[in-house]
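An overview of the molecular structure
Residues per chain are reported as follows:
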Amino acid sequence: MINRNVVTRFAPSPTGYMHIGNLRTALYSYLIAKHSDGTFILRIEDTDRERLVEGATDVIIDTLKVTGLRYDEGPGVGGANGPYIQSERKEIYLRYAKELVERGAAYYCFCSKERLESLHEEDGVGGGYDRHCRDLPKEEVEANLKAGIPYVIRQKIPLEGTTTYEDAVFGTISTENKELQDQILMKADGYPTYNFCHVVDDHLMGVTHVVRGSEYLTSTPKYALLYDAFGWQRPVFVHLPLLMGRGEDGTVSKLSKRHGAVSFADLCADGYMPEAIVNYIALLGWCPKNTENEFFTLDELTKAFSLDGINKSPSVFDYEKLLWFNGEYIRKLTPEEFKERALPFISNPPMDKLDRILPLVQPRIGKLSEIDGKIAFFSALPDYDAAELFQNKKNKVTPDVARDMLSGIVSALSGVFEWNNDALYAALTAYAEQSGIKSGAVLFVARAAVSGLSVTPGGATEIMEILGKDETLARLQIAAERLG
RNA sequence: GGCCCGUUGGUCAAGAGGUUAAGACACCGCCCUUUCACGGCAGUAACGGGAGUUCGAUUCUCCCACGGGUCACCA
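The structure reproduced in this document is the subject of the present report. Keep in mind that what you see is a predicted model, and the values were worked out from it rather than measured.

So, the protein's contact with RNA strand B
Neighbouring RNA strand B are 62 residues, the closest being K187, G285, E294, Y425 and T461. Sugar and phosphate atoms represent 71% of those atoms of RNA strand B found within 4 Å of the protein. Within the backbone of G285, a nitrogen or oxygen atom sits 2.5 Å from a phosphate oxygen of RNA strand B. Within the side chain of E292, an N or O atom sits 3.4 Å from a sugar or linking oxygen of RNA strand B. The biggest single contributor to the surface near RNA strand B is helix α11 (residues 319–332), with four residues. Within the surface near RNA strand B, the residues separate by chemical class into 25 nonpolar, 18 polar and 19 charged.

Structure, rendered in structure tokens:
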């Protein structure tokens, strides 16, 4: 076997959003190519004219850009085998389809949609096409063509025998030809179907490894037959295990919109970072060898990736683990990086205090969208029920205890000249000691009064330092009033 | 329903005939602690079932069950 340069492609149809399963396919495709220093191609499969979505190609290109999956050939980049948008290659396909007809591996079909529909009704599930036009006399075909009767071109599947191919992940896949349909290659509107044009393009573009989801496992024999009919070398087929989602009823199925945020854009908008997403999905269906490390940059993935680490069984997309990964990535950010990422997620950023607030939340969140809710109290004291807030079993705090404590806290604070965390902490613990109260209780009351919350990012004195003396005192005053 | 594929803890997964069956997330507990997190330590929890092959099967074979995928002028 000659060591060919590895060429892979990512060939999505422009649907308007980048499904996370598609992104993983793109990632694996990229990794397979780049691990061998090969070529990664982006090709847009837009032959379904009825489902065209405006701007959808940009979504794909943007996603590849922010995830770092740089392609060597494709829209906007060019390459020797372009164009890379199938609608711009339309005339190529008819030419090849006709060649297939001449080779006896395809045929014209003039059946109306109505006839096909009635076929479906008769046979129920799996009935399929009855091959009515498969052996039409040449003269009739010519006549129909001349008469302008709409036609499609179908693949002429052998009636007997089996078709076998080797999949790099699943091994030998064998299918009896009688299970295969005479699928449509060219549609009546002159556009090819996926089933046809992807084979032509993959060959023309020199793709050596066809990487795609395992939903194509059962239709690949038909594609293999196409390669054979043309006399082309079959590529290495790499089918990836499916990404699954768990529905509300507990069942798992192919990850889709009903499972929640499944597009890359959705996840980003929800505060997940691209690096974390890429890292996480790389590990869904693939496992690195000889390491227990789970953290990988794209470059590290490229080095570590290997075909034999790919799993066969489908994996359930786990938002909990993604959240953990994302939190880890957030914690690794420098304060500057974190600020930059966080800003878009803060609705009314208190710019003057932000540099002191952000370090408090950075270790405490799993995704960036959690920030807003955690820091809102710095800008505005939330409304609270004092009877409820000033209850803490562990520190034996009740509203009555809190009321007695507040004046002590205020006077302790009045002696603080350097308004910083250390001085505040010293003052409050000194007060606790003097009055024989557990410092935890004092700090709890102080923190609750100053934040209006029982759970906060940062401790009492950290919050006070950021709030400043005036605001702190004002909030303590409000607490005293609410406690009556 | 036919065909194809899969099946190790709740989830992601390692394992390649002999292992105390890794590790991670989640969960639980403890420690740290100025709440909550972070961090540290520990714990609960798995080879779908049945036949074979073998001295020995989670690992190989077959059957069954279950799960998934696929059967379009969608990709």
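Quick notes on the environment of L406
Looking at the element boundaries, L406 is found in helix α16 (residues 399–414). The class for L406 is buried, based on a relative accessible area of 3%. For the pair L406 and Q183, spaced 223 residues apart in sequence, the C-alpha separation works out to 80 Å. Beyond its immediate stretch of four places on either side in the chain, L406 contacts V445, A449, L476, A479, A480 and L483.

Focus on unusual backbone geometry
Peptide bonds are mostly trans, and most non-glycine residues show a negative phi. Of note, the amide linkage connecting G82 to P83 takes the cis form, showing an omega dihedral of -5°. Take P83: it is sitting in the loop between α2 (56–67) and α3 (90–102). A positive phi angle, close to 60°, is found at D37, a residue other than glycine. One can find D37 in the loop between α1 (20–35) and β2 (39–42). Owing to a relative accessible area of 67%, D37 belongs among the exposed residues under this scheme. The backbone phi angle of K396 is positive, close to 55°, even though this residue is not glycine. Mapped onto the elements of the fold, K396 is located in the loop between α15 (386–389) and α16. A relative accessible area of 68% places K396 in the exposed class.

Observations concerning the pairing of strand β9 (residues 236–240)
Where burial is concerned, most of β9 is hidden: four out of the five residues are buried. Where strand β8 (residues 209–213) lies against β9, five bridges are found, and the strand directions are parallel. In the sheet register, R212 faces β9, and the bridge partner there is H239. Where the polypeptide runs from β8 across helix α7 (residues 220–230) and back to β9, its parallel neighbour, the crossover connection is right-handed.

Re the sheet that holds strand β11 (residues 252–254)
The three strands lie next to each other as β11-β10-β12, forming an open sheet whose pairing is mixed. Where the open sheet ends on each side, the last strands, each with one partner, are β11 and β12 (315–316). Of the pairings in the sheet, the one linking strand β10 (residues 243–246) to β11 comprises three bridges and is antiparallel in character. Pairing of M244 across the sheet is with K254, part of β11.

Cut-offs and rules
Residues numbered from 1 in each chain as written. Chains lettered and ligands numbered in written order. Predicted model: local features only at pLDDT ≥ 70, side-chain atom pairs only at ≥ 80, totals over all residues. Heavy atoms only, no water. Near = heavy atom within 4 Å. Polar contact = N/O pair within 3.5 Å; in protein donor to acceptor, adjacent residues only side chain to side chain. Helix = DSSP H or I, 4+ residues; strand = E, 2+ residues; numbered from the N terminus. Nonpolar A, V, L, I, M, F, W, Y, C, P; charged D, E, K, R; others polar. Buried < 20%, exposed > 50% of the residue type's maximum accessible area, 1.4 Å probe, protein only. Contact = heavy atoms within 4.5 Å. Pairing = 2+ DSSP bridges. Right-handed = clockwise from strand over helix to strand, strands pointing away.

In short, geometric facts, not functional conclusions.
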